[in-house]
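# Architecture and fold: a report
Spelled out, the chains give:
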Amino acid sequence: MAKDAAGIVLSVEGRNVQITHPDKLYFSSQAQISKLDLVRYYLSVAPGALAGIRDRPIVLKRFVNGAEAEAFYQKRAPTQRPPWLRTVTLSFPSGRTAEEIVVDDAPGLAWIVNLGCIELHPHPVRSGNLDHPDELRIDLDPVQGVSWADVRRVALEVQGLLEELGLRGWPKTSGSRGMHVNVCIEPRWTFAEVRRAAVAFSRAVERRVPALASSKWWKEERHGVFLDYNQNAKDRTTCSGYSVRALPDARVSAPLLWHEVPDCDPADFTMFTIPERFAKIGDPQAGMDAVPGSLDKLLELADNDEANGLGDAPWPPHFRKTEAEAPRVAPSRAKSGIKKARVKMPLIVVANSPDKTAALAGLERWKSKHAEIAGFLAADDVLVDSMRGRSSTWTRVRVNLRHVAESLRPPQEIPDPDDDPTREWRQWSKRKAAKED
């Protein structure tokens, strides 16, 4: 390690990597963690961290002001980068393209962490075959108020169904409230086909444990643990194994062995505990790429669903609507002209903020103001949405008043706080559309 005018220079596997502002705190509310601490963590588990991102284009989710500040997504590779760092050009559903970074080694890993990449977000494709994923990603996302025990129960149902289909799943904590189960697959299906298989899988798990699991896209229709099939749509990424999450305790997305799942606690896996675990047991997912599976049985299941009247499930908003897709509108906003009757939910927005903590504090203020109403709410009546724009994220908190008598329901008020970063763009877009009309 050498001192440099702009920071320090680390020698990593024979390459020099500059770490700027190494003492800058990236975590400060519970633990004091500097940028250099974060770089050293990733280098200590580099074989495991690289296994999830090597040879894959990666979206740079940059926390340039630390974990407590707003992050932004950077798809395009920085123009100033080391000559030894590769890139590939991806195309997106919008028709745009972007040259994205590919990290193959520990120096590249240290370099992107220096940019503020606390988390690692690789695409499910290899650089030599960008149109055919080699991973099916099963994302277990519990709705607000669902217990961790229920997440583990659904994960075990996922394991059982995968085994029946002749597939092997590799579990890990998400590093937040959920779990991920990745399945290595042969890279011979398109993104649309892999997503179709994920939809069928999510519906099959819901049928097995209908009280615990949900495949419904609209948050107001979900309950229990949502299986987010759209994480398999093109241009979607999830954090990979050993990623540090931007939570106060520096929690890590930890690869697990299946026998650990029934008793695991996500709080046990942090930046401070994972290096020792990695040194002791190695990477539980080290053999994942050696056993690629087939989606044939899952696609047969999708065919059966379609034959029984289950068409395509809703896609993310920026994707082109498919012919077989259900109406892409939340039930609470559905118009009477939609042929299939759907129940409209009485939803109100109580907070918008790039700071999740501030948004949740706004929810508590709303509950205090409407204490009598809050007593009627079930755990899944509070919807905490992680909203994602082109380059920024924010938290939206809504309350479903379905269990509140209509005469008692409070009206929609100005959210507190009300910091939606897309508002100006949406207002501009509406004015532009009005002019064009």
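Scroll up for the structure.
Residues numbered from 1 in each chain as written. Predicted model: local features only at pLDDT ≥ 70, side-chain atom pairs only at ≥ 80, totals over all residues. Heavy atoms only, no water.

## Digging into the pairing of strand S9 (residues 97–102)
Convention followed: Whether two strands pair comes down to DSSP finding at least two bridges between them. Segments assigned H or I by DSSP are reported as helices when at least four residues long, segments assigned E as strands when at least two residues long, and all are numbered from the N terminus.
Relative to S9, strand S6 (residues 57–62) runs antiparallel, the two sharing 2 bridges. Following the sheet pairing, isoleucine 58 is matched in S9 by isoleucine 101. As defined by bridge partners, strand S8 (residues 86–91) adjoins S9 across 6 bridges and the pair is classed as antiparallel. Bridging across to S9, threonine 89 finds its partner in glutamate 99. Between the end of S8 and the start of S9, which pair antiparallel, lie 5 residues, with glycine 95 showing a positive phi angle near 100 degrees.

## Observations regarding the pairing of strand S3 (residues 15–20)
Note: strand S2 (residues 7–12) against S3, 6 bridges, orientation antiparallel. Bridge assignment links glycine 7 to a residue of S3, and that residue is threonine 20. Counting the residues that bridge the hairpin from S2 to S3 gives 2 residues, and of these glutamate 13 lies at a positive phi of roughly 50 degrees.

## What to know about the sheet that holds strand S14 (residues 213–214)
The strands that make up a sheet pair up through hydrogen bonds in the backbone, lying either parallel or antiparallel. The strand order across the open sheet formed by 5 strands is S12-S13-S11-S15-S14, and the pairing between neighbours is mixed. The sheet terminates laterally at strand S12 (170–173) and S14, the two strands that pair on one side only. Where S12 meets strand S13 (residues 179–184), 4 bridges bridge the pair, whose relative direction is antiparallel. Along S13, the bridge assignment pairs lysine 172 with histidine 180.

## Regarding the pattern of salt bridges
A pair can form between side chains of opposite charge whenever their charged atoms are brought close. Our working definition: By definition, a salt bridge exists where a carboxyl oxygen of Asp or Glu is found within 4 Å of a side-chain nitrogen of Lys or Arg. Burial here depends on accessible area, computed with a 1.4 Å probe over protein chains only, as a share of the maximum for the residue type. Under 20% is buried, over 50% is exposed, and the range in between is partly exposed.
Within the structure shown, the criterion is met by 32 salt bridges. Where glutamate 186 meets arginine 188, a salt bridge forms, and the shortest distance between an N and an O atom there is 2.5 Å. Residue glutamate 186 is classed as partly exposed on the basis of its relative accessible area of 27%. The class of arginine 188 is partly exposed, set by a relative accessible area of 43%. With a closest N to O distance of 3.3 Å, lysine 369 and glutamate 413 form a salt bridge. Linking lysine 369 in helix H8 (residues 356–369) with glutamate 413 in the loop between strand S18 (393–400) and helix H10 (423–436), this pair joins segments that are 44 residues apart in sequence. Several salt bridges converge on common partners, so that one network encompasses Arg56, Arg126, Asp134, Glu135, Arg137 and Asp289.

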